[in-house]
Amino acid sequence: MWKFPGGLSEPGEDIGDTAVREVFEETGIKSEFKSLLSIRQQHASPGAFGKSDMYIICRLKPYSFTINFCQHECLRCEWMDLNDLIKTENTTPITSRVARLLLYGYREGFDKIDFTMEELPAVYTALFYKLYHKKLPDNYRTMTGMN
């Protein structure tokens with residue numbers, strides 16, 4: 001069954017850092033977080049330790065293409081053309097859908113599918129949070145009042 005690399009976040013670990021770490025641990029490929037693509041929410045999952053499960057799918061930029069996969073976590077690991085991944089029956093519904101999202105992004109522009117990350121000050125002094133959202137046009141980023 002083909003799927004994208006993934007795993008659980010460490011306590012206090014940001015979404016992008018988790019994605020980069022998990023991809024490296026499973027494939028040996030160093031990468032950079034680019035955006036959040038989608039979120040899957042599931043309840044009563046057997047592998048979620050009795051909690052609701054949020055599976056966050058990120059888009060990364062690889063720094064290399066040479067795979068050195070972890071044989072404890074993967075049986076096989078290889079790069080696949082998105083068109084081939086979409087067509088294969090040996091994958092999960094979420095992998096097939098994400099492959100379609102990525103193909104759409106390559107063809108039409110990632111601005112159509114990406115959620116960017118913006119760090120903003122929290123209401124608590126000296127703390128910040130990360131807000132993931134579709135990119136706002138510049139005139140809305142600096143808007144101060146309603147006209």
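Located above this text is the structure these notes cover.
For clarity, every value in this text was computed on a predicted model and none was experimentally measured.

A. Structural detail: unusual backbone geometry. With a phi angle near 70°, Ala126 is a residue other than glycine that sits in the positive phi range. Here Ala126 shows up in the loop between strand E3 (116–121) and strand E4 (128–133). Judged by relative accessible area, Ala126 falls into the exposed class, the value being 68%.

B. Up close: the side chain of Thr27. Among the structural elements, Thr27 can be located in helix H1 (residues 15–27). Side-chain polar atoms of Thr27 contact the backbone oxygen of Val23, separated by 2.5 Å. Looking at Thr27, its side chain comes within polar contact range of the main-chain nitrogen of Ile29, at 3.1 Å.

C. Geometry of H1. When the terminal C-alpha atoms of H1 are compared, their 18 Å separation across 13 residues agrees well with the 18 Å that a helix rising 1.5 Å per residue should span. For H1, the set of buried residues is Gly16, Thr18, Ala19, Arg21, Glu22, Val23, Glu26 and Thr27. Looking at the buried positions of H1, the neighbouring elements they touch are strand E1 (31–42), strand E2 (53–62) and E4. Trailing H1 by a residue or two, Gly28 shows a phi angle of about 80°, which is positive.

D. Quick peek at the pattern of salt bridges. Under the definition given, this model contains seven salt bridges. Linking Asp14 and Lys130 is a salt bridge whose minimum nitrogen-to-oxygen distance equals 2.4 Å. Here Asp14 is found in the segment before H1, whereas its partner Lys130 is found in strand E4, with 116 residues between them in sequence. Given the relative accessible area of 30%, Lys130 is considered partly exposed. A salt bridge links Asp53 to Arg40, with the nearest nitrogen and oxygen atoms 2.2 Å apart. You can see Asp53 sitting in strand E2 and its partner Arg40 sitting in strand E1, a full 13 residues away along the chain. Each of Glu13, Arg21, Glu22 and Glu25 takes part in salt bridges that share partners, so that together they form one network.

The rules behind each value
Residues numbered from 1 in each chain as written. Predicted model: local features only at pLDDT ≥ 70, side-chain atom pairs only at ≥ 80, totals over all residues. Heavy atoms only, no water. Helix = DSSP H or I, 4+ residues; strand = E, 2+ residues; numbered from the N terminus. Buried < 20%, exposed > 50% of the residue type's maximum accessible area, 1.4 Å probe, protein only. Polar contact = N/O pair within 3.5 Å; in protein donor to acceptor, adjacent residues only side chain to side chain. Expected span 1.5 Å × (residues − 1). Contact = heavy atoms within 4.5 Å. Salt bridge = Lys/Arg side-chain N within 4 Å of Asp/Glu carboxyl O.

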